[in-house]
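# Inside the fold
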Amino acid sequence: MYRNDKVIRRYSEPFKLKILAERSTGKYTKSELCKLYSIAPTTVNEWIKKYNRKDLMNTRVKVETKDEISRIKTLQKEIEQLKKLLLKKDLDTMIEESYLEVAAEDLGYKSIAELKKKLKIKP
């Protein structure tokens, strides 16, 4: 068999709708239908999306304890506080650089680096 001798399946619209109808009756699960008709689960998922059958999509339920919820909220607050502190630090650094730029200009230096070198300030 050659490399390009793959079987490419094309499914008719009535066949796709038949599969979705069988799934919606609850007679078969998605995995059972896939095995029965030799269809990939991702293909069935595409059909569900194509025909807007959200009722057939898997439902995700997230279960959390009150402790987990409060911990998440605490961590979110901490993240926001850290973001604000980082922003303040960045602004302080910008202001400091601006002051150094003005000072370097007033003292006759060509750049801040030259002023820092003279004052032995680490960059």
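Residues numbered from 1 in each chain as written. Predicted model: local features only at pLDDT ≥ 70, side-chain atom pairs only at ≥ 80, totals over all residues. Heavy atoms only, no water.

To continue, consider the overall build of the protein. Along its length, the protein carries five helices and zero strands. The secondary structure elements of the protein, listed N-terminal to C-terminal, are α-α-α-α-α. Here the C-alpha radius of gyration of the protein, 32 Å, is well above what a compact globule of 123 residues would show, namely 14 Å. For the protein, the spread of C-alpha atoms along the principal axes amounts to about 85 × 55 × 25 Å. Within the span of the protein, comprising 123 residues, buried residues form 15% of the whole. Carbon and sulfur atoms make up 56% of the accessible area of the protein, which totals about 11200 Å². The average position of the 30 basic charges and that of the 19 acidic charges among the side chains of the protein differ by 8 Å. (Helix = DSSP H or I, 4+ residues; strand = E, 2+ residues; numbered from the N terminus. Rg over C-alpha atoms; globule rule 2.2 N^0.38 Å. Buried < 20%, exposed > 50% of the residue type's maximum accessible area, 1.4 Å probe, protein only. Areas by Shrake-Rupley, 256 points an atom, 1.4 Å probe, with all protein chains shown as cover. Lys, Arg positive; Asp, Glu negative; His and termini not counted. Charge placed at Lys NZ, Arg CZ, Asp CG, Glu CD.)

Moving on, we come to the pattern of salt bridges. What the rule picks out here adds up to seven salt bridges. With a closest N to O distance of 3.6 Å, Glu13 and Lys16 form a salt bridge. In this pair, Glu13 and Lys16 both sit in helix α1 (residues 13-25), three residues apart, roughly one turn of the helix. On the accessibility criterion, Lys16 (11% relative accessible area) is buried. Notably, a salt bridge pairs Arg53 with Asp55, separated by 3.2 Å at the nearest N-O pair. Classification of Arg53 as partly exposed rests on a relative accessible area of 24%. Three or more residues are tied together by salt bridges with common partners; here these are Glu13, Lys16 and Lys50. (Salt bridge = Lys/Arg side-chain N within 4 Å of Asp/Glu carboxyl O.)

Phe15, Ile19, Leu20, Leu33, Cys34, Ile39, Val44, Trp47, Ile48 and Leu56 together form the largest nonpolar core, which totals 10 residues. What Ile48 contacts, discounting residues up to four positions off in sequence, is Leu20, Lys30, Arg53, Leu56 and Met57. (Core = buried A, V, L, I, M, F, W, Y, C linked by side-chain atoms within 4.5 Å. Contact = heavy atoms within 4.5 Å.)

Here we take up helix α4 (residues 66-106). The terminal C-alpha atoms of α4 lie 60 Å apart, and with 41 residues this matches the ideal 60 Å at 1.5 Å per residue to within 8%. Two residues or fewer after α4 comes Gly108, characterised by a positive phi angle close to 90°. (Expected span 1.5 Å × (residues − 1).)

Let's shift gears to the environment of Gln81. Its place among the elements puts Gln81 in helix α4. Separated by 18 residues in the primary sequence, Gln81 and Val63 have C-alpha atoms spaced 27 Å apart.

Let's shift gears to unusual backbone geometry. Unlike most non-glycine residues, Ser38 shows phi in positive territory, near 55°. Within the element layout of this structure, Ser38 appears in the loop between α2 (30-37) and α3 (41-50). The class for Ser38 is partly exposed, based on a relative accessible area of 47%.

Confidence along the protein averages 87 in pLDDT terms, with 94% of residues attaining 70 or more. Least confident of the elements in the protein is helix α5 (residues 112-119), whose mean pLDDT is 80; most confident is α4, at 93. (pLDDT = per-residue confidence, 0-100.)

Since the α-helix advances by 3.6 residues per turn, residues separated by three or four positions end up pointing in the same direction. Its 13 residues place the ends of α1 18 Å apart at the C-alpha level, agreeing with the 18 Å of an ideal helix rising 1.5 Å per residue. Those residues of α1 not exposed but buried are Phe15, Lys16, Ile19, Leu20 and Glu22. Along the long axis of α1, the arc covered by the buried residues comes to 160°, so they all point the same way. Across from the buried face of α1, at angles greater than 90 degrees, the exposed residues are Pro14 and Thr25. The inward-facing, buried residues of α1 contact α2 and α3. In the stretch just after α1, Gly26 is the one whose phi turns positive, near 85°. (Arc of directions from axis to C-beta.)

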